[in-house]
Amino acid sequence: MSPEAHSAPRSLAEALRARDDASLAALLRSRPDLITPVPTDLTQLATRAGTRASVLRALERLDRFALQTAEALAVAPDPAPYDTLLGLMAGDAGDEAVAGALPRAVATLREQALVWGGDDRLRLVRTARELLAPSPQHPSPTGLGPTVQEATSGMSPGRIQEIVTTAGLASTHDSVSAVTALAGLFTHRKKMAKLLAGAPEPAREVLSRLVWGPPYGQVTAEPAAHLRWLLDRGLLLPTAPGTVVLPREVALHLREGRAHRTPEPLPPAVVPAAAHSPQVVDATAAGQAYTALATVEELLKDWDEGGPAVLRAGGLSVRDLKRTAVALDVSEPVAAFWTELAYAAGLIASDGEVDERYAATPAYDEWLEQPPAERWARLAQAWLTATRTPGLVGGRDAKDRALSALGPGLDRSAAPEVRHRVLSLLAGLPQGAAPDAGSVLARLGWERPLRGVRRDGEDDLRSRLARWTLSEAELLGVTGRGALAAQGRALLGAPAPAAGPDSATPGTTGTGTAGTGAPPPGTSPAGAGSPVPAGPGDKLPVHHHRPPDRLAPLSAAEQAVATAAAARLLAPLLPEPLDHVLLQADLTAVAPGPLRRPLAETLDVLADVESKGGATVYRFTPASVRRALDAGRTATDLHAFLTEHSRTPVPQPLAYLIDDVARRHGHLRVGAASAYVRCDDDAVLNEILADKRAAALRLRRLAPTVLATPADPAALLEGLRAMGYAPAAESAEGDVLITRAHAHRTPPRTAPEPVPDGPPPPDATLLGAAIRAIRAGDLAATTPRKPVGEPLAGGELPRTSSAETLATMQAAVLTGDSVWIGYVNAEGAASQRVIAPVRVEGGFVTAYDHTADEVRTYPLHRITGVAELADD
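Computed from a predicted structure; not experimentally measured. (Residues numbered from 1 in each chain as written. Predicted model: local features only at pLDDT ≥ 70, side-chain atom pairs only at ≥ 80, totals over all residues. Heavy atoms only, no water.)

Undergrad: Teacher, can you tell me more about the overall build of the chain here?
TA: Scanning the chain for helices and strands turns up 34 helices and 27 strands. The burial tally for the chain puts 46% of its 872 residues in the buried class. Put simply, of all contacts in the chain between residues at least 6 apart along the chain, 66% involve residues at least 24 apart. (Helix = DSSP H or I, 4+ residues; strand = E, 2+ residues; numbered from the N terminus. Buried < 20%, exposed > 50% of the residue type's maximum accessible area, 1.4 Å probe, protein only. Contact = heavy atoms within 4.5 Å.)

Listed below in C-alpha cells is the structure:
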C-alpha cells in the first residue's frame, strides 16, 4: 500500500484534523452555525457539519456551478476520482470552461466540508448525497434516475437473465454478475451505440423524451412493441406496476457522459442598459435624496400630533395607508416604503397608550437638528441593513392573512444580503452605467440557485427583493437614473472606479477591471471625479483582494465610517436652504428652493401649500391667516415677518387680508358654559341669533353681550367659523387661548432590530478562541494514553480510586508531565481533559488545562480518574 493511501482520511473528522487553522477558520466563517455552540473537538464538528439542517443551509449558499458539481458527485460512484467527476461535468467531448472552473468548485465544496478526500477519492458527505441523489420521491436536479443495480434490486433472477441474454450478453450464474455485466454494457460507448442502432425509431423517441428527465414513465399492462423492445433489453426497467425508469447508465450514454444539460461554470455578466455622465447621475441622486428627506419630514409632520391608530393585530389599516399616500401625493406601495423606512430608522413607533397610535419618537427631534446629508445617511443605512420588506405590504402570509405596513410578518432575513449584493453588482459597472435588470436577476439566480425557489412560474423571493432594491435605491437617492451614485458607492465602502474616456461605454460587462483602484490617501471615493477630504481617522474599507462586484458586507464599525463618508460626498450636492420667498399679488408666495427650517415652519402655519416641485407655491387664505393668529402671532408680527423674508414688496392684497382677518379675530370670545360666546357689540350677537345656520348650535342669550350653548367650545368655534366669523377661544380668566400644534411623541424607542439570517459570522477573536478550544479538545480526545485497568471503550472517562488519582497527580507535579483526566463539573456534565498539574493541596489540583488553554483549579473529588499519556 502506498504512503498516500496510509495518509488518506477515512472520515470527515480525519479530513478536518488534517486542516490548518486558516482552513478551519474559513469553514467556520462560511458556516457560522457550526460554531454555535463551540464544538468540543473535531469529531463533534464533523458530526455537526453532517446534520441535515446544516447541510441544507450550506447547499443554499452555493453558486450554481458548485451546486451542479455537488449534484454530479451525488450520481457518481462513491468515492469518485476527479477524472470521473470531470467527465460528468464536461461530457465525452470535454469543455474548457468547465475544466477550468471545476477545481474552484471542488475547492469550495471542500472548504465548506461538503466534500472530503483526495482527488483520487472524492466523497460527498452522506447527508448531501441523500439530499441530492435521485429517488422516486425526490428526483435528482440532474434528471438522472437510479443505477441499473438500484433499479433491478427487486427483480427476479430469471428476469434479469432474460434481459442480459436479449441484450446480447452471455448468461451468468448469479444475478450480481448479470447486473454488473449489464451495467458494463451500458457504460461501453461502442457496444451501446451498436445496441441502440438496432432500436426502432419510436423507441429512440421514447428515450429522447426521458433522457433529460424526469426519467420515469407510464406503461400499460400490454406495452407497445417499441416499449417491449426497450424493456426486454433493460433500456427501461420497471420500478412499480405501470411505471418504468430510464437507468442512469443509459441516460449518461445518451447525454454523451454529461450529468447536466447545460453546465454553467461562469456567472452571467451584469450588462449595462444605459450610460450617463457620472455628474448627471450624482446630481440626479442628490435631487432624489433631498426629495426623500422632504417626504419623510412631511410624513412625520402629518403624524406630529398623533398618527393613525394601531390595528389590533399590529400595523396600519388599509384606509390609513391610503390616507397617508394621498397626503404624500404618492402611490400606496411608495407610501408603505416611506413609512417602513421611517420605522426602520427609529423615527416613528407606537406610543403604547390605551388607544394605541403611531407617533414620532424623540429620536425624530434629534434627527431634525442634524445636517441634511447626515439625516439622509441615517435613512440610507437603516434601509441597507433592515430586514423589513415594504414590498410585501398588501400581500398575504402563509396563513392567508393580509400583510400591513408597520405590521408583523414583513421581516425577510435575506433582504439585507440581497440589497448589498445588488448594489455591489452596480458598483462593479463603470461609473454612470445603469444595469439591465434582467442581467442582475440572472446573476443573483446563478449565485444562490436554491434560495427561495418557486415552481409556480412567479419570481422567487430573491428576485423580488432585487427588483424592490433597484426601485427603492432610486427613490432614496442611492442611485440616479439607475446607476450607482457616489454616495451609494461610499455607503458600500467601495472604491470609486478609475475615471476614463470609456468608463461608461455601453456593453461593458460587470466582470471588467474598472474600479479596482483605491482612492488616493487622504480622500474618500467621489463619484463626480473630485476627491472629497476624509474626516480625521476615517479609512474606508477597500477590499483589494476582490473585484468591485464581490464586496463583502461591512462590520458595524466599518459601516459607520462608510456612512459618514457617504454623507460627506452628498453634502456639497444638496441645495443650500434659502431664507427668502417671492410674494406675488395673487396671494401666493413662491419658494424657489428649500427653505430654512424656521422660515418653513412659520410659512406652514401662515399659508397652505398649493403645489410642490422645484419651487413650492404657498397660498394665503383667511383660514391660514387665522391659523397664524390662533398660534399667537399678531398682525404686526406677520407684516414684519413677510417684509423680512420676501425679496419682493409685500403685495397690498396680502396686507389687506392680514389686517382684515386680524381686525375680526377675537372680536367674538368663546368659553365653556358648556360653551358661551360673548361680544361687546350686541348687534353682532343679534346677527348670529338671526342666522338660520346657527340653529344647530342652540344659542340663547344670557346677557346683552353673552350667548350660551350646550355645544362644546370646539364645536361652537367650528360652527361660527363656518358662518364666516373669526372667533377666538378664551380661558376661564378671560384671556385669549393661543392654539399651537402640540407635538405628540412616544416614549424613547429603539429602532427595530433586523432578523438575522442564521447565526452571525464570527469575528476574528471568536474564530481564534474557538479553533484553540477545538484543537485542545481534540488533543484531549485523541492523545494516546496508557491503559488504566480494563481497556476503556471509546469516549469513556478513566476510572481510578481517590488514592490512585492523588498519587498520580503528585507524581505529575514532580515530573512536569501532562496527564489525561475525566472531569464532571457542578452541572453534571462530563468531559475529558489533558492537564499539566502545578500544585496539589487542600483537596484541589491547580494545573494548566491544554483543553481550555489556561490555568484552572479542579476539586479532586470531581475527577473520575487519571491516566498517564503514552510515551509516543
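The structure having been displayed, the exposition proceeds.
Undergrad: Teacher, can you tell me more about the pattern of salt bridges here?
TA: Should the charged atoms of two oppositely charged side chains come close, the side chains can pair. Evaluated as defined, the whole model comprises 35 salt bridges. Residue Asp232 is joined to Arg159 by a salt bridge in which the shortest nitrogen-to-oxygen separation is 3.6 Å. Here the residue Asp232 occupies a position in helix H15 (residues 225-232), and Arg159 occupies one in helix H11 (residues 157-166), the gap between them amounting to 73 residues. Note that Arg375 is salt-bridged to Glu297, the shortest N-O span being 2.4 Å. With Arg375 in helix H21 (residues 372-385) and Glu297 in helix H17 (residues 278-302), this residue pair connects regions lying 78 residues apart in the sequence. We note that Arg375, like Glu297, is buried. (Salt bridge = Lys/Arg side-chain N within 4 Å of Asp/Glu carboxyl O.)

Undergrad: I would appreciate a short explanation of the packing of aromatic side chains in the present structure.
TA: Here a ring pair, both rings aromatic, is described through the centre-centre distance and the interplanar angle of the planes. Considering all chains together, one arrives at four aromatic pairs under this definition. A cation sits over an aromatic face here: Arg375 above Trp367, 5.3 Å from the ring centre. For the cation-ring pair, Arg633 lies above Phe641, with the distance from its terminal atom to the ring centre recorded as 5.9 Å. (Phe/Tyr/Trp six-rings, centres within 6.5 Å; stacked < 30°, edge-to-face > 60°. Lys NZ or Arg CZ within 6 Å of the ring centre and 35° of its normal.)

Undergrad: Quick question: what am I supposed to make of empty space enclosed by the protein here?
TA: Any space left empty among the atoms is revealed by the rolling of a water-sized probe across them. Tallied over the entire structure, the rule returns three cavities of 30 Å³ or more. In this model, the largest cavity occupies a volume close to 70 Å³. For the lining of the largest cavity, the elements supplying multiple residues, two or more each, are helix H19 (332-344) and H21. Looking at the lining of the largest cavity, its residues break down into seven nonpolar, no polar and four charged. (1 Å grid on protein atoms, 1.4 Å probe; cavity = no way out; pocket = protein on both sides within 12 Å on 5 of 7 lines; lining within 4 Å. Points joined across faces, edges and corners; volume = space filled by probe spheres on them. Nonpolar A, V, L, I, M, F, W, Y, C, P; charged D, E, K, R; others polar.)

Undergrad: Looking at this structure, I do not really get the sheet that holds strand E5 (residues 243-245). What am I missing?
TA: Sheet strands pair by backbone hydrogen bonding; their relative direction is either parallel or antiparallel. Overall, antiparallel pairing links the three strands, which are arranged E3-E5-E4 in an open sheet. One side of each edge strand has no neighbouring strand; the edge strands of this open sheet are strand E3 (216-218) and strand E4 (237-240). Going from strand to strand, the sheet's axes swing by 40° on average, the running direction of each strand aside. Here E4 runs beside E5; their pairing, made up of three bridges, is antiparallel. (Pairing = 2+ DSSP bridges. Axes fitted to C-alpha atoms, helices over the stretch in contact; angles between N-to-C directions.)

Undergrad: Even after reading the chapter, I still don't get the nonpolar core, so can you show me in this structure?
TA: Across soluble globular proteins, you tend to see nonpolar side chains buried next to one another. Judged by nonpolar contacts, the single largest core of 90 residues is most densely connected at Phe186, Leu235 and Leu236. In contact with Phe186, not counting residues within four places along its chain, are Val148, Met192, Leu195, Arg233, Gly234, Leu235, Glu249, Val250 and His253. In terms of nonpolar packing, the next biggest core, distinct from the first, is built from 70 residues, Ala335, Trp367, Ala377 and Ala486 among them. (Core = buried A, V, L, I, M, F, W, Y, C linked by side-chain atoms within 4.5 Å.)

Undergrad: Explain the sheet that holds strand E14 (residues 582-584) to me, please; I cannot follow it from the model alone.
TA: Strand order in the open sheet made by the four strands is E14-E15-E17-E16, with antiparallel pairing throughout. Because the sheet does not close on itself, it has two edges, and the strands there are E14 and strand E16 (608-611). Across the sheet, the mean angle separating the axes of adjacent strands is 30° when strand polarity is ignored.

Undergrad: Please explain the environment of Gly168 as it appears in this structure.
TA: If you trace the backbone, Gly168 turns up in the loop between H11 and helix H12 (175-187). Look at Gly168 and you get exposed, because its relative accessible area is 62%. As for Gly168 and Leu195, which are separated by 27 residues in sequence, their C-alpha atoms are 8.6 Å apart.

Undergrad: What exactly am I supposed to notice about helix H4 (residues 42-49) here?
TA: Residues three or four positions apart in an α-helix share a direction because the helix packs 3.6 residues into each turn. Those residues of H4 not exposed but buried are Leu42, Leu45, Ala46, Arg48 and Ala49. Buried residues along H4 cover an arc of 165° about the axis, so they all sit on one side. Between the side-chain oxygen at the start of H4 and the backbone nitrogen of Thr43 there is a gap of 3.1 Å, and the oxygen is on Asp41. (Arc of directions from axis to C-beta. Polar contact = N/O pair within 3.5 Å; in protein donor to acceptor, adjacent residues only side chain to side chain.)

Undergrad: Got a minute to help me understand the pairing of strand E24 (residues 830-841) in this structure?
TA: Walk down a regular strand and you will see the side chains alternate between the two sheet faces. Direction of pairing for strand E23 (residues 819-824) relative to E24: antiparallel, over a ladder of six bridges. Within E24, the residue paired with Tyr823 across the bridge is Ser831. The antiparallel pairing of E23 with E24 creates a hairpin that spans five residues between the two strands, and Gly828 there sits at a positive phi of about 90°. Bridging between E24 and strand E25 (residues 844-849) involves six bridges; their strand directions are antiparallel. Its bridge partner being in E25, Arg839 is matched across the sheet by Thr846. Taken together, E24 and the strand that follows it, E25, pair antiparallel across an intervening segment of two residues, in which Gly842 is found at a positive phi of about 60°.

Undergrad: Would you mind showing me how to read helix H26 (residues 556-570) here?
TA: Taking 1.5 Å of rise per residue, 15 residues should cover 21 Å, and H26 covers 21 Å from first to last C-alpha, within 8% of that figure. Restricting attention to buried positions, one finds in H26 the residues Gln559, Ala562, Thr563, Ala565, Ala566, Ala567, Leu569 and Leu570. (Expected span 1.5 Å × (residues − 1).)

Undergrad: How should the confidence of the model for the chain be read in this particular structure?
TA: Parts of the prediction with low pLDDT should not have their coordinates interpreted in detail. Overall, the predicted model of the chain reaches an average pLDDT of 83, with 87% of residues at or above 70. Taken together, the stretch residues 1-6 has pLDDT below 50 and engages in one contact with residues farther than four places along the chain or on a different chain. For residues 788-794, every residue scores under 50 in pLDDT, and the model assigns this stretch seven contacts once sequence neighbours within four places are set aside. (pLDDT = per-residue confidence, 0-100.)

Undergrad: I would appreciate a short explanation of unusual backbone geometry in the present structure.
TA: With glycine set apart, most residues show a phi of negative sign, and most peptide bonds adopt trans. Between Thr36 and the following residue, Pro37, the backbone shows a cis peptide bond with an omega angle of -10°. On the secondary structure map, Pro37 appears in the loop between helix H3 (21-30) and H4. Of note in the backbone geometry, Glu256 takes a positive phi value of approximately 60° without being a glycine. Mapped onto the elements of the fold, Glu256 is located in the loop between helix H16 (248-254) and strand E6 (272-275). Despite not being glycine, Leu406 shows a phi value in the positive range, around 65°. Relative to the helices and strands, Leu406 is located in the loop between H21 and helix H22 (415-427).

Undergrad: Help me out: how do you make sense of the packing of H11 against H15 in this one?
TA: Two numbers describe a pair of packed helices, the interaxial angle and the distance between the axes. Relative orientation of the contacting elements H11 and H15 amounts to 105°, with a least axis distance of 8 Å. Taken together, the axes of H11 and H15 are roughly perpendicular relative to one another. Of the residues in H15, those touching H11 at Arg159, Glu162, Ile163 and Thr166 are Arg228, Leu231 and Asp232. A breakdown of the residues in the contact of H11 with H15 according to their chemical character gives two nonpolar, one polar and four charged. (Parallel < 35°, antiparallel > 145°, perpendicular 65-115°, else oblique.)

Undergrad: I keep staring at the environment of Asp365 and nothing clicks. Help me out?
TA: Here Asp365 lies in helix H20 (residues 362-368). Classification of Asp365 by relative accessible area gives partly exposed; the value is 33%. With 380 residues separating them along the chain, Asp365 and Arg745 place their C-alpha atoms 9.4 Å apart.

Undergrad: Help me out: how do you make sense of the side chain of Thr563 in this one?
TA: Within the secondary structure layout, Thr563 lies in helix H26. The exposure class assigned to Thr563 is buried, which follows from its relative accessible area of 7%. Here Thr563 is in contact with Ala377, Gln381 and Leu491, once residues within four sequence places are set aside.

Undergrad: Would you mind showing me how to read the packing of helix H7 (residues 82-90) against helix H8 (residues 96-111) here?
TA: Viewed as axis vectors pointing N to C, H7 and H8 meet at an angle of 125°, and their least axial separation amounts to 10 Å. Judged by the angle between their axes, H7 and H8 are oblique. At the point where H7 passes H8, the crossing takes the right-handed sense. Each of Tyr82, Leu85, Leu86, Met89 and Ala90 in H7 lies in contact with H8, whose residues at this interface are Val98, Ala99, Leu102, Pro103 and Val106. Among the residues forming the contact of H7 with H8, the class breakdown is 10 nonpolar, no polar and no charged. (Left-handed = near helix turned anticlockwise from the far one by under 90°.)

Undergrad: Looking at this model, I keep getting lost on the environment of Val838. Mind explaining?
TA: Counting through the fold element by element, Val838 comes out in strand E24. Each C-alpha atom of the pair Val838 and Val813 lies 5.4 Å from the other, and the pair is 25 residues apart in sequence.

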